[in-house]
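# Chain and residue survey
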Amino acid sequence: MSHSFIKFNDERIDPFKKELLNDLVKLLLNDSEYEIVFGKHAYIDPVNKVLFTPFKWRHREDEFRLLKGEVVIQAMQYNTEQPEIFEEVIKLIQNEELQFPKLFFQIFLAMETYRSVLLCYEHYSNGQELFNIYINHVKNDAKKRIIALQNSGRIVDQHIAFVIWYLFKDADEITPSHINIESSVEFDIDRIILNLKNANHLNSEDSYNYSYALYHIISNEVNKDGWEEFFHRPKSFEYIKQLQKNKSKEISDSDDEDLSENTKVKQETRKQDEAYLEMEVDSENSLKANDANRSGDSTDDMTEVTLGKGQQTKDDTMSIELDTIEYDKNSINKNAILIEEKIDSDIKAQLEYDQALNNVKSSINELATVMNKLLDKKYSDKRTHLSKGKLGKDLIPLVTKESIHVFDKRDQPSRDIDATFTLLIDASYSMENKLEYVKDCVILFVEVLKRLNIKHEVYSFYEDTFDSDDKQQPNYMHQFIDYNESLYSKPNASIMNIKAHDDNRDGYIIRKTVEKMKYRTEKNKFILLFSDGEPSAFDYADDGIVDTYYAVNEANDERIQIINLFIDDGPIEESVQQTIKNIYKHNAIFIDNLDNLSDYVYSTLKKLLIYSI
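This is a predicted model, so every value here is computed, not measured.

### Comments concerning the packing of helix H4 (residues 83-94) against helix H5 (residues 101-123)
Closest axis-to-axis distance for the H4/H5 pair is 10 Å, and the angle between their directions is 160°. Comparing the axis directions of H4 and H5 gives the class roughly antiparallel. Here the hand of the crossing between H4 and H5 comes out left-handed. Seen from H4, the contacting residues are Ile 85, Phe 86, Val 89, Ile 90, Leu 92 and Ile 93; seen from H5, they are Pro 101, Phe 104, Phe 105 and Phe 108. Its residues placed into classes, the contact of H4 with H5 shows 10 nonpolar, no polar and no charged.

Printed below as a string of structure tokens:
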């Protein structure tokens, strides 16, 4: 992974949200093959099973609501378009029967969009907020185009923008003085659209008729066709054939007789769609207010934040969203293969290890001393005022409270901390300048655990970019400390031979690590993951983030806690932090100064050890 990759990610929608949109379009179109793709315009390509959503909604305040609204409206339009009407429109355009075909086609598509919005209001009572936001943005964009096109000579485009503005503006909304198309037909446009709004505009034939009326009025005012494409639809007969196949999905309320089985199914689907939309809006609102959005830091109380909550189920708001996603971890990683290699030490590594050990020796001694004192205290502590045990010295409660709780008991717990640790180090190429700092932290980590008699293991991991293709993706786990050999007195200096390589398939590696750890007998199991960015591997871009999220939750289900130590050598962009927090929740700790990395590891390890006593 690299910083250029992360900055490029700023132009991608949050993969969790994209998966929600994918799931939504599959539900609305009743076809599991559809997916969302970003493009210049919003439309459905039924031949390639794609719903395009426009880039223009990106980076707006209501971005996700706009995208959801667009998906619902496009699906409604596709499901309710009349193929014979659209075929008539295409013939008009292709047979050159119209002097200004772009003018007519854009007005017709604007009418169809407006019709679809009306149907959405009627069909999805729980999606009113989405459609209000969509209308406001379409209306405001049209207003901006009218102003921008003034004195441009593009009269047709300005008239089309004016039609869109009139379609979507409120009935009592007065046209501002600066919204001026300098046209003698403004009153006629207003009159026709007002008639349309007063009518029961619910089918494509109405769109066709009103579009024709507006076309003839505007065509008398212009001398050349339009240039801009405000809306888009494929002008192909393949598209019409797909519409004809899809006609059975058209929503109709004309059947007032006893419910047939088909109608019952349709009503159940409608309820499901409404419930999905309501859940989507509510979950997004709650996500914004979720406490999980804060950053972790070196003073976080891991016993309350990282660990206590880690033993519960998944984060409520995020799991509400992600539980709706059709997700197949086996498909995402089906061609990944694991290659484990044990890395040996050498004389050079041993010399480097001894030198690095001096850098963190005081921290090792301090932490080991603190933990041993806590263990001694636990070992010697006794519980008082019990109902059974050895008679204590304080017998006053027998007289004053008639209580039998006058016994003491001295527990004899084990001096060992019942825990095990695995340290995973992202060895992707972008980690190259950070590995020297990570080595010091690994030494601190293993030396403290060895003194406390806690078994542990250390791995680095990466995916070989150059050997990866659509048939296989080799993933390497380099072992530096073996679990069964981790308590040997002689230090294993092989960590000094860690090197940066290519990519990182985090979700896959986490699952492989969990498979090893879940059978161990220790009560407390922790994975500390050093990384500097999002998962990045062959065909693993958006899917990788979702895959890693699920891998972390699967680890939680096995009562294995994963703490992500996200390291960088400068300020970490907010969008990157949000992605990492979406994956690891409270268990994400961000370090933007490499000189402070060992302090964060010291603090984190201390809190995990205290929790495990």
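### What to know about the packing of helix H3 (residues 63-80) against helix H6 (residues 128-148)
Running from N to C, H3 and H6 point in directions that differ by 100°, and their axes come no closer than 9 Å. With respect to H6, the element H3 is oriented roughly perpendicular. Here Arg 65, Leu 66, Lys 68, Gly 69, Glu 70, Val 72 and Ile 73 of H3 lie close against H6, whose contacting residues are Glu 129, Leu 130, Phe 131, Ile 133, Tyr 134 and His 137.

### Some details on the packing of aromatic side chains
Summed over the entire model, instances satisfying the criterion amount to 20 aromatic pairs. Relative to Tyr 208, the ring of Phe 104 has its centre 5.9 Å away and its plane inclined at 80°; by these criteria the two rings are edge-to-face. Highlighted residues: Phe 104 in helix H5 and Tyr 208 in helix H9 (residues 204-219), separated in sequence by 104 residues. What makes Tyr 208 buried here is its relative accessible area of 15%. The interplanar angle of 85° and the centroid separation of 5.7 Å between the aromatic rings of Tyr 114 and Phe 168 together place this pair among those described as edge-to-face. Pair noted here: Tyr 114 is in helix H5 and Phe 168 is in helix H7 (residues 155-168), with a separation of 54 residues, a long-range link. Judged by its relative accessible area of 10%, Tyr 114 is buried.

### Things to note about the sheet that holds strand E9 (residues 456-463)
Spatially, seven strands are ordered E4-E10-E9-E8-E11-E12-E13 in an open sheet, and the strand pairing comes out mixed. At either margin of the open sheet sits one strand with a lone partner, and together these are strand E4 (336-342) and strand E13 (588-591). Within this sheet the neighbouring strands show an average axis-to-axis angle of 20°, counted without direction.

### Focus on the sheet that holds strand E3 (residues 50-54)
Consider a sheet: its strands pair through backbone hydrogen bonds, and that pairing is either parallel or antiparallel. Reading across from one edge, E1-E3-E2 is the order of the three strands in this open sheet, with mixed pairing throughout. Both edges of this open sheet fall to strand E1 (35-39) and strand E2 (43-45), since each of them pairs with a single strand only. Strand after strand, the sheet turns through a mean of 30° between neighbouring axes, direction not considered. Of the pairings in the sheet, the one linking E2 to E3 comprises three bridges and is antiparallel in character. Note on E3: the bridge partner recorded for Ile 44 is Leu 51. Across the sheet, helix H2 (residues 15-29) is in contact with E1, E2 and E3; its angle to E1 comes to roughly 115°. The sheet contacts of H3 involve E1, E2 and E3, and relative to E3 the element is tilted by about 135°.

### Some points on empty space enclosed by the protein
In the structure shown here, the tally under the stated rule is two cavities of 30 Å³ or more. Volume-wise, the second largest cavity comes out at about 30 Å³. Along the walls of the second largest cavity sit Ala 42, Gln 74, Gln 77, Leu 109, Thr 113, Phe 231, His 232 and Arg 233, which together make up its complete lining. Looking at the lining of the second largest cavity, the elements with two or more residues in it are H3 and H5. Along the lines of polarity and charge, the residues of the lining of the second largest cavity split into three nonpolar, four polar and one charged.

Reading the values: rules and limits
Residues numbered from 1 in each chain as written. Predicted model: local features only at pLDDT ≥ 70, side-chain atom pairs only at ≥ 80, totals over all residues. Heavy atoms only, no water. Axes fitted to C-alpha atoms, helices over the stretch in contact; angles between N-to-C directions. Helix = DSSP H or I, 4+ residues; strand = E, 2+ residues; numbered from the N terminus. Parallel < 35°, antiparallel > 145°, perpendicular 65-115°, else oblique. Left-handed = near helix turned anticlockwise from the far one by under 90°. Contact = heavy atoms within 4.5 Å. Nonpolar A, V, L, I, M, F, W, Y, C, P; charged D, E, K, R; others polar. Phe/Tyr/Trp six-rings, centres within 6.5 Å; stacked < 30°, edge-to-face > 60°. Buried < 20%, exposed > 50% of the residue type's maximum accessible area, 1.4 Å probe, protein only. Pairing = 2+ DSSP bridges. 1 Å grid on protein atoms, 1.4 Å probe; cavity = no way out; pocket = protein on both sides within 12 Å on 5 of 7 lines; lining within 4 Å. Points joined across faces, edges and corners; volume = space filled by probe spheres on them.

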